[in-house]
Structure formats: C-alpha cells, structure tokens
Amino acid sequence: MKNIFIIFLSVLTLGLYSCEGNDIENNREEILVGGKFEPITIETVGLNLKATADEFTLEGNIPAEGLSFSIIPSKKYRQAASVSRILINGVKQYKENNFSGEPPYLEEIPVLNGDWGNIQHNNSTHSIEIDIKKNNADTPRVFDLVLGGGYKYLNLRLVQQAAPTK
C-alpha cells in the first residue's frame, strides 16, 4: 500500500512539472476575468459624440432647448445594446423589481422617461430613440447612460447646457 502511494505521488509530481506554465500565464487575464471586455460600437443620428481616453466612454453635448437623436448599435452588438442604466446628475433613475417577493432577488430596472425626456427601444430598426426635453434649470444637466452590461457595454456622458438667464 505504501509503494502504491509513493508511485501515485511520483506520477502526480511528474505530471505537474510536465505541464507548460506559459499557456496558463499567457491566458491568465482571460482565465481570471472569464472573458474579454468589449466596448459596444454605435452610430448616432442627430448627435455628435467624441471619444475619451477610456475606450468604453463617449461624450457629447446637448443644447439647453433639448434634442432628439438616435443611437444605432453595430450589427454585432444589437442584442446587447439596450439602455441598462441612467444617471442624471449622479442620481440613478430606476425602479426596483422583485420577482419572487423576497430579497436578494431585487433587480434595478431603468426608468426610461421622466420630466427630463424619454428613451424608446425600436426593435424594428434596432435603434434607441432618445428625446431630451428643455433644461429649465440654471445649472447644466449631466446624463450618464450605460448601454449593455457584463462584458459588452458602453458609457455615454451627455452634458445638457443650462437654460440661458434672462
């Protein structure tokens, strides 16, 4: 019995040393993360966006009087590119949905309309239609929208100018 244990331990040790450690090291990030993050690529109609140093964030400006525009995800990301989070001046716009009636099954669902405007997903054209209403405040309004989630997402930071003072 002792001899069988020694033979087993020897075979196990040889097997571990014969494995190529480079494969594990080369794929370490993918193994640890479980996949690779990808920014969702989009086109816009009616709004100009500019890239930032962060490849996952685009920025744009909205006039004080408001703006209607469309976001069209590239074909590769059409299924993933819904609006998953909305923040206005850093405040989440969401409602909680509790499917089972018990925690921890709470899910945040973005509220896609309000006094700020509305967002509609158009399934026939695979576009996201956004209508931002006039900003009557004397301070700029900052919209942070997240498209997608998980490993495929895109942040949009839109700054709406303040209403002109009279």
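Our structure's up above, just so we're on the same page.
Residues numbered from 1 in each chain as written. Predicted model: local features only at pLDDT ≥ 70, side-chain atom pairs only at ≥ 80, totals over all residues. Heavy atoms only, no water.

From N to C terminus, the chain includes 3 helices and 14 strands. Put simply, the chain has 166 residues, and 25% of those count as buried. Long-range contacts, defined here as pairs at least 24 residues apart, represent 59% of the contacts in the chain between residues at least 6 apart. Summed over its atoms, the accessible surface of the chain is roughly 11,600 Å², and 53% of this surface lies on carbon and sulfur atoms. (Helix = DSSP H or I, 4+ residues; strand = E, 2+ residues; numbered from the N terminus. Buried < 20%, exposed > 50% of the residue type's maximum accessible area, 1.4 Å probe, protein only. Contact = heavy atoms within 4.5 Å. Areas by Shrake-Rupley, 256 points an atom, 1.4 Å probe, with all protein chains shown as cover.)

Glancing now at the environment of Trp 116. Its location among the elements puts Trp 116 in the loop between strand 10 (113-114) and strand 11 (117-122). In this structure, the C-alpha to C-alpha distance between Trp 116 and Asn 135, residues 19 residues apart in sequence, is 7.6 Å. What Trp 116 contacts, discounting residues up to four positions off in sequence, is Ile 86, Ile 88, Gln 93, Val 111, Asp 131, Ile 132, Lys 133, Arg 141 and Phe 143.

It is characteristic of soluble globular proteins that their nonpolar side chains tend to be buried jointly. Counting 23 residues, the largest nonpolar core has Ile 42, Phe 69, Ile 71, Ile 119, Ile 130, Leu 147 and Leu 156 as its most contacted members. For this core, the secondary-structure elements that each account for two or more residues are strand 4 (57-62), strand 5 (67-73), strand 6 (83-88), strand 12 (127-132), strand 13 (141-149) and strand 14 (152-160). In this structure, Ile 119 is in contact with Val 83, Ile 86, Leu 112, Ile 128, Glu 129, Ile 130 and Leu 145, ignoring residues within four places of it in sequence. (Core = buried A, V, L, I, M, F, W, Y, C linked by side-chain atoms within 4.5 Å.)

By the definition in use, this model includes 4 aromatic pairs. Judged by centre distance (4.8 Å) and plane angle (15°), the ring pair of Phe 56 and Tyr 153 falls under stacked. Within this pair, whereas Phe 56 is found in the loop between strand 3 (50-51) and strand 4, its partner Tyr 153 is found in strand 14, the two being separated by 97 residues in sequence. An aromatic cluster of at least three residues, connected via ring pairs, comprises Phe 37, Phe 56, Tyr 151 and Tyr 153. (Phe/Tyr/Trp six-rings, centres within 6.5 Å; stacked < 30°, edge-to-face > 60°.)

This next bit is on the layout of surface pockets. Approximately 190 Å³ is the volume found for the largest pocket. Lining the largest pocket we find Pro 73, Arg 78, Gln 79, Ala 81, Ser 82, His 121, Asn 122, Asn 123, His 126, Ser 127 and Ile 128. Of all the secondary-structure elements, those providing two or more residues to the lining of the largest pocket are strand 11 and strand 12. In the lining of the largest pocket, the residues fall into 3 nonpolar, 7 polar and 1 charged. (1 Å grid on protein atoms, 1.4 Å probe; cavity = no way out; pocket = protein on both sides within 12 Å on 5 of 7 lines; lining within 4 Å. Points joined across faces, edges and corners; volume = space filled by probe spheres on them. Nonpolar A, V, L, I, M, F, W, Y, C, P; charged D, E, K, R; others polar.)

Position of Asn 135 relative to the elements: it lies in the loop between strand 12 and strand 13. A distance of 3.0 Å separates a polar atom in the side chain of Asn 135 from the backbone nitrogen of Ala 137. One polar contact links the side chain of Asn 135 to the main-chain carbonyl oxygen of Thr 139, over a distance of 3.1 Å. Setting aside chain neighbours within four positions, we find Asn 135 in contact with Ala 64, Pro 140, Arg 141, Gln 160, Gln 161, Ala 162 and Ala 163. (Polar contact = N/O pair within 3.5 Å; in protein donor to acceptor, adjacent residues only side chain to side chain.)

Under the defined criterion, the tally for this structure stands at 2 salt bridges. Two residues, Glu 38 and Lys 76, come together in a salt bridge whose shortest N-O distance is 3.3 Å. Highlighted residues: Glu 38 in strand 1 (residues 38-39) and Lys 76 in the loop between strand 5 and strand 6, separated in sequence by 38 residues. Accessibility expressed as a relative area gives 22% for Glu 38, which makes it partly exposed. A salt bridge links Arg 157 to Asp 144; the nearest nitrogen and oxygen atoms lie 2.7 Å apart. Remark: Asp 144 occurs in strand 13 and Arg 157 occurs in strand 14; sequence separation between them is 13 residues. (Salt bridge = Lys/Arg side-chain N within 4 Å of Asp/Glu carboxyl O.)

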